[in-house]
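# Breakdown of the fold
Read off the chains here:
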Amino acid sequence: MTTQTAQAAQAAKDERPLLSVQDLKIRIQMENGVMHAVDGVDFEIKKGKTLGLVGESGCGKSLTSRAIIGINPKECETTGTIGYDSADAADSELNLLSLDPKGKRIRSIRGRKIAMIFQEPMTAFSPMYTIGNQIMEAIRTHRTKNKKEAKKIALEMLGKVGISDQEKRFDQYPHEFSGGMRQRAMISMALSCNPELLIADEPTTALDVTIQAQVLELMQSLQREFGMAILLVTHDLGIIAEMCDEVAVMYLGKIVEQAPVKELFYNPKHPYTKGLLKSMPRLGGEKSVRLDSIEGSVPMPIDMPPMCGFYERCKDRIEGVCNVNAVPKTDISDQHTVRCFLYTDRPEGESP
Ligand SMILES: Nc1ncnc2c1ncn2[C@@H]1O[C@H](COP(=O)(O)OP(=O)(O)OP(=O)(O)O)[C@@H](O)[C@H]1O
Ligand code: SF4
Ligand SMILES: [Mg+2]
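Quick caveat, the model's predicted, so the values are computed rather than measured.

### Quick word on the sheet that holds strand E4 (residues 76-84)
The four strands are arranged E2-E1-E4-E5 in an open sheet whose pairing can be described as antiparallel. For this open sheet the edge positions go to strand E2 (33-45) and strand E5 (94-95), each flanked by a neighbour on one side alone. In terms of strand pairing, strand E1 (residues 19-30) meets E2 through 10 bridges, oriented antiparallel. Residue Ile26 lies in a different strand from E2, and its bridge partner there is Val38. In this fold helix H2 (residues 61-68) packs onto E1, E2 and E4, with an angle of close to 120 degrees to the strand it touches most, E1.

In structure tokens:
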């Protein structure tokens, strides 16, 4: 291959999404029927970009993000495609869903290529071992077997996340760290293997505002340094505005609207997105609110007939249309999609 052809091939690869989720469905058998907890979700994330996944409690954000690395509990029946296209030829053009969730292959991707941080850092650390040892073990599993080198990287990473006196902290147990420090330590463990994709599920919800801002800044600076992509799950539209390139709004297991962040904030289409934005006190303001202020509550997606899940709460609903048909996805523009009958041709034979 000539240099030019190789460069063109690399440029084409850089344009391809790193992660491409298609028609992801997660069903859970409940006593009173089948819950369609995630119901046909599609999204893509390019190298170095951040996609925000936002929506009320219970809409399927965590199930979606955990499905990517195959860590949902076994009662979750998952179908669809989770395409992963690592820069590494050995892990390019994979369907992560086709891998055995307990197998060697996904375990080598989990942690090394795709790292995840959670709201509660205690879930990432065992109380039995020192923080330093646990970070070092992650590095030894995925990056280098050499103990000395692994310790050096672990200390460096603790420094990068703003933990001072690293040598002393290295030998402390998780309970000796404050909540904010544990969160930083978890981020340093997640990033110590230079992942290509970081999945951050409510990474700052448990932290106070000042620490929250520091942790978000830290994620951004590490993203710039390492060029990783981020899937950021949050309730908080203020965080979305600050951190994300694109946003996917989830409601009842479906993405109801998706767009570049500015487009979504200035030209929202779905009544649910508009409600969420109204619940923000001031765009770009310092204070952001949680989303649960839209009237009514989210129904359980158990044996739902084909209809819009937002129907009962929607002030714009069209009776005889929205409550009797599945809502198709409509393209507003190249990068902006919405699921709402206000933007689509109504199904034949139906009238408002
Ligand atoms: N193991 C399980 N068994 C039964 N139901 C589950 C299980 N895991 C999740 N669910 C249900 O699936 C739905 C989606 O859950 P998920 O945790 O993805 O929501 P979420 O959007 O992350 O919410 P939150 O913002 O509260 O974290 C919820 O109704 C939840 O109760
Ligand atoms: S499809 Fe109908 S009920 Fe659903 S959000 Fe749109 S207008 Fe409202
Ligand atoms: Mg969650």
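On we go.
### Notes on the site of ligand 1
Around ligand 1 sit 15 residues in total, of which Ser57, Gly58, Lys61, Ser62 and Glu75 are the nearest. Side-chain polar atom of Ser57 to an oxygen atom of ligand 1: 2.5 Å apart, as the coordinates give it. Within the backbone of Gly60, one N or O atom sits 3.0 Å away from an oxygen atom of ligand 1. Taken by itself ligand 1 offers 640 Å² of open surface, and the protein chains cover 69% of this. Broken down by secondary-structure element, the contributors of at least two residues to the shell around ligand 1 are E1, E2 and H2. When residues in the shell around ligand 1 are grouped by element, the largest group, three residues, is from H2. Here the shell around ligand 1 is composed, by residue class, of seven nonpolar, five polar and three charged.

### A word on the packing of aromatic side chains
Two aromatic rings, taken as a pair, are described by how far apart their centres are and by the angle between their planes. Considering all chains together, one arrives at three aromatic pairs under this definition. Measuring from centroid to centroid gives 5.3 Å for Tyr272 and Phe310, while their planes differ by 65 degrees, and the two rings are edge-to-face. On the criterion of sequence distance, the pair formed by Tyr272 in helix H11 (residues 271-278) and Phe310 in the loop between H11 and strand E11 (330-333) is long-range, its members being 38 residues apart. Under the relative-accessibility criterion, Tyr272 is labelled buried at 0%. Each member of the aromatic cluster is reached from another via a ring pair, and the members are Tyr251, Tyr272 and Phe310. The ring of Phe177 carries Arg169 above its face, with NZ or CZ at 5.5 Å from the centroid. When the ring centre of Tyr311 is taken as origin, the NZ or CZ atom of Arg317, which lies over that ring, is 5.1 Å away.

So, how was this worked out
Residues numbered from 1 in each chain as written. Chains lettered and ligands numbered in written order. Predicted model: local features only at pLDDT ≥ 70, side-chain atom pairs only at ≥ 80, totals over all residues. Heavy atoms only, no water. Pairing = 2+ DSSP bridges. Helix = DSSP H or I, 4+ residues; strand = E, 2+ residues; numbered from the N terminus. Contact = heavy atoms within 4.5 Å. Axes fitted to C-alpha atoms, helices over the stretch in contact; angles between N-to-C directions. Near = heavy atom within 4 Å. Polar contact = N/O pair within 3.5 Å; in protein donor to acceptor, adjacent residues only side chain to side chain. Areas by Shrake-Rupley, 256 points an atom, 1.4 Å probe, with all protein chains shown as cover. Nonpolar A, V, L, I, M, F, W, Y, C, P; charged D, E, K, R; others polar. Phe/Tyr/Trp six-rings, centres within 6.5 Å; stacked < 30°, edge-to-face > 60°. Buried < 20%, exposed > 50% of the residue type's maximum accessible area, 1.4 Å probe, protein only. Lys NZ or Arg CZ within 6 Å of the ring centre and 35° of its normal.

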